[in-house]
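Residues per chain are reported as follows:
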Amino acid sequence: MRLDLGAIAKAGTSKANQTCGWRNFKPIFHQEKCVGCGLCKIYCPEGCVTMVEKKKYTVDYTYCKGCGICAEECSSSDIEMVVEEK
Amino acid sequence: MSTTFIEGSIAVAKTVGVCRPHVISAYPITPQTHIVEHLSELVANGELKTEYVNVESEHSAASVVLGASATGARTYTATTSQGFLLMIEVLYNIAGMRLPVVMTCVNRAVSAPINIWNDQQDSLTARDSGWIQLYAEDNQEASDMHLQAFKIAENKDVMLPVMICMDGFVLTHSFEPIELILQEEADKFLPPFKPQYYLTPKNPLTFGAMVGPDGYMETRYFIEKTMRTSLQVIGDVAADFHNQFGRFQGGLIDTYKVEDASLVLVAMGSVIGTLKDVVDELRAKGQKIGILKVRSYRPFPKDEIYRALNHVKEIAVLEKAISLGYGGILVNEIKSVFYGKPKTPKINGFILGLGGRDITVDTIHHVIKDTVKATFEEKFVGLNEALIGGK
Ligand code: SF4
Ligand code: SF4
C-alpha cells in the first residue's frame, strides 16, 4: 500500500493495513470455563473479539494488539496470554 | 499598486488580507501584535471576509489553523518568541500532515531572561520541523513574501507550510514607503486553493494517524524530497512575482556585489540593510566586498550558495542566534557547503545582536577588520565587558 501525502488515511484502509504487527503476547481463548459474560468483547479496545455462540468467544488475530485486557477482565480466567514467537 | 508610507506590520496584514484567507487564528504577543490587530480591524470594518478566531493560547492558534487547513481552507496565523515555542508541537504536526498553512514568525529573543527585542533564536528552534522558512530583509519584501508564501505552500508538488520570518521591531514597527498589493493583483497572482485531500463528511479521511516503524521513515523521506523540489518552486514563484510586479528580492538567496568580491558577508533578515551601507562605503574606498543574503533558510540552498561564493577568499557569517553548546548555526551550515570542495575559503562566524543588541555600522566594520586579520570559529561581537567581569 503506497503512502498518501502526509500519510493521510482513507476510510477502511485498515483492511489493507493490518495493524497486529507489534503483538508480543497473544490471547488464547480456551473456550472451556467460559460463562458467556461478554466482558472480553466489551473491553477489547480493538473490537476484535466476537461471539461464536453463547459460551464461546474468539479473537481476530489480524487486529489483536496483544494488550491482554481481555485476559485480565475475563470473569472465568478462560483466556491465557502466551508469548508469540515470530 | 499604490505606494503608502506604512508600518511593516500593517503592510503584512494588508497583504495577508488580499490573499483571501478563509481562517485566521490570532493570539497577540509583542512584537507580532500589530499584525493580528490590523487583521481584526479589517474584519471588523467589513473589508476582509474571513473566519477570525480569537484563541486562548498560541498552541490553540496553531491548532485552529491545522484543523481549518485540513478542511481545505486557506489559513494564516502569526506569532513570536515564547508564543512560537508554545506552538512548536503543533507546527511539527502541520508539516507532517502536509498542510499549506502560512504564518509569520516575528523574530524575537527567547526567555529566560525575558526579552522582547529582536534576534532569530525563536524561528531557528524549528528549523528541523518541515516548515519552509523564508527571511525578509525589509518591509517591502516581508509584505511581498506573504503573497508568494501561499503560492509556494499550496503548490501541489510542495504542500508544506511556509513561515515568513521578519525581525521584530526593526521591521514590524518601522515605517517605510511600501508598494501595497491590490486585491485584483493578488487574485491574478494567487489562484484559489484546491487541496487534493480535505476533510468532508462525504469522503472520510484521517489526518495524522499512527504510523509504526514500518512506515514512519518514509513520511520523513517524502518531506525531505519535497524540500528539494521546493527549492525550484521558491525560485519560480519569486520569478513569477518579478514578472507581475517588477520587484525581485531574490529567490533562494540574493547577492550584492559578490561577483568580484574577495570578502563576502553572509546573513539573514534586516541586518542586510546595514551591511549594504557598509559595503557601499568600503567599495567607494576600493575594497572588494559583497553580501550574500540567505533568503530561504529551509530548504537550505547549498548549490546556489556554493555557486555564488566559490570564488571568494574570506567569508564572515553574521547571525542573531546561537546553538548553545555548539556555537553559530548558520556559520556551520555555510561551512558544510564547502565540505569536500576543491577550495575552501576562510569562514569566520560572528554572534551578534542577541536580545536586540544594536548592530551598528561600527559593529560591521569591526567584523570585517576581524575577518581580514584572523581566522577563528566564531566570536560574540559587542559584549559588554563590564557585565562579564572583564576590564
Ligand atoms: S489482547 Fe487486547 S486486542 Fe487482543 S483480543 Fe484481547 S483485548 Fe483485544
Ligand atoms: S470474558 Fe471470559 S467468560 Fe466472559 S465471555 Fe469472554 S471468555 Fe467468556
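Residues numbered from 1 in each chain as written. Chains lettered and ligands numbered in written order. Predicted model: local features only at pLDDT ≥ 70, side-chain atom pairs only at ≥ 80, totals over all residues. Heavy atoms only, no water.

A closer look at the site of ligand 2
Taken together, Cys34(A), Val35(A), Gly36(A), Cys37(A), Gly38(A), Leu39(A), Cys40(A), Tyr57(A), Cys74(A), Ser75(A), Ser76(A) and Ile79(A) are the residues near ligand 2. When its residues are assigned to classes, the shell around ligand 2 shows eight nonpolar, four polar and no charged. (Near = heavy atom within 4 Å. Nonpolar A, V, L, I, M, F, W, Y, C, P; charged D, E, K, R; others polar.)

Considering the site of ligand 1
Residues in close proximity to ligand 1 include Pro27(A), Cys44(A), Pro45(A), Cys48(A), Val49(A), Val59(A), Cys64(A), Lys65(A), Gly66(A), Cys67(A), Gly68(A) and Cys70(A), which together make up its full environment. When the residues that make up the shell around ligand 1 are grouped by side-chain class, the tally is nine nonpolar, two polar and one charged.

Quick notes on the nonpolar core
As a rule of thumb, nonpolar side chains are buried together in soluble globular proteins. Residue and element names in this part refer to chain B. In terms of nonpolar packing, the biggest core is built from 53 residues, with Val266 and Ile334 touching the most fellow members. Per-element accounting of this core gives the leading share, seven residues, to helix 4 (residues 81–96). The residues that make up this core include at least three from each of domain 1 (2–245) and domain 2 (255–388). With residues up to four places along the chain from it excluded, the contact list for Ile334 reads Val266, Phe300, Ile305, Ile315, Val317 and Ile347. Counting 46 residues, the second largest nonpolar core, distinct from the first, contains Val12, Ile35, Ile132 and Ala149. (Core = buried A, V, L, I, M, F, W, Y, C linked by side-chain atoms within 4.5 Å. Buried < 20%, exposed > 50% of the residue type's maximum accessible area, 1.4 Å probe, protein only. Helix = DSSP H or I, 4+ residues; strand = E, 2+ residues; numbered from the N terminus. Domains from an automatic or database assignment. Contact = heavy atoms within 4.5 Å.)

Considerations on unusual backbone geometry
Residue and element names in this part refer to chain B. In this model, Ser111 is joined to Ala112 through a cis peptide bond whose omega is -10°. Tracing the backbone through its elements, the reader meets Ala112 in the loop between strand 5 (102–107) and helix 5 (121–124). Here the residue pair Ala112 and Pro113 is connected by a cis peptide bond, since its omega of -5° sits within 30 degrees of zero. With respect to the element layout, Pro113 can be found in the loop between strand 5 and helix 5. One non-glycine residue, Arg20, lies in the positive phi region at around 55°. Note that Arg20 resides in the loop between helix 1 (8–18) and strand 2 (23–26). A relative accessible area of 43% places Arg20 in the partly exposed class. Phi at Met159 takes a positive value of approximately 50°, unusual for a residue other than glycine. Residue position: Met159 is located in the loop between helix 6 (139–153) and strand 7 (162–167). According to the relative accessible area criterion, Met159 is buried, its value standing at 9%.

Examining the confidence of the model for chain A
When pLDDT is averaged across chain A, the result is 92; 99% of the residues are at 70 or more. Per-element mean pLDDT across chain A ranges from 86 in strand 1 (residues 9–10) of chain A up to 98 in helix 2 (residues 69–73) of chain A. (pLDDT = per-residue confidence, 0-100.)

Regarding the pattern of salt bridges
All names here are of chain B. On inspection of all chains with the given rule, the structure shows 26 salt bridges over all chains. The closest approach of N and O atoms between Glu141 and Lys293, which form a salt bridge, is 2.9 Å. Within this pair, whereas Glu141 is found in helix 6, its partner Lys293 is found in strand 12 (residues 289–294), the two being separated by 152 residues in sequence. Accessibility expressed as a relative area gives 3% for Lys293, which makes it buried. Lys288 serves as the salt-bridge partner of Asp260, at 3.8 Å between the closest nitrogen and oxygen. (Salt bridge = Lys/Arg side-chain N within 4 Å of Asp/Glu carboxyl O.)

Details of the pairing of strand 5 of chain B
All names here are of chain B. Of all six residues that make up strand 5, six are buried, and the element is covered over most of its length. Relative to strand 5, strand 4 (residues 75–80) is paired through five bridges, and the arrangement is parallel. For Thr79, the partnering residue across the bridge sits in strand 5 and is Cys105. In this view, the connection linking strand 4 to its parallel neighbour strand 5 by way of helix 4 has right-handed handedness. Inspection of the sheet shows strand 5 paired to strand 7 by six bridges, in the parallel sense. Paired with Met103 across the two strands is Met163, which belongs to strand 7. (Pairing = 2+ DSSP bridges. Right-handed = clockwise from strand over helix to strand, strands pointing away.)

Topic: the sheet that holds strand 7 of chain B
Residues and elements named next belong to chain B. The strand order across the open sheet formed by seven strands is 3-2-4-5-7-6-13, and the pairing between neighbours is mixed. Looking at which strands have only one partner, the edges of the open sheet turn out to be strand 3 (51–54) and strand 13 (296–298). Between one strand and the next, the sheet's axes are offset by a mean angle of 20°, whatever the strand orientation. (Axes fitted to C-alpha atoms, helices over the stretch in contact; angles between N-to-C directions.)

A few points about the domain arrangement of chain B
Residues and elements named next belong to chain B. Along its sequence, chain B is carved into domain 1 (2–245) and domain 2 (255–388). Here the C-alpha centre of domain 2 lies 27 Å away from the C-alpha centre of domain 1. The partner domain 2 presents 26 residues to the 29 residues of domain 1 that form the contact. Viewed at the interface, domain 2 and domain 1 are joined by six salt bridges. Inspection of the domain 1/domain 2 interface yields 17 residue pairs in polar contact (both at pLDDT 80 or more). Of all the secondary structure elements, the ones that give two or more residues to the side of domain 1 that touches domain 2 are helix 5, strand 6 (132–135), helix 6 and helix 8 (216–245). Counting residues per element, the side of domain 1 that touches domain 2 draws most heavily on helix 8, which supplies six residues. (Polar contact = N/O pair within 3.5 Å; in protein donor to acceptor, adjacent residues only side chain to side chain.)

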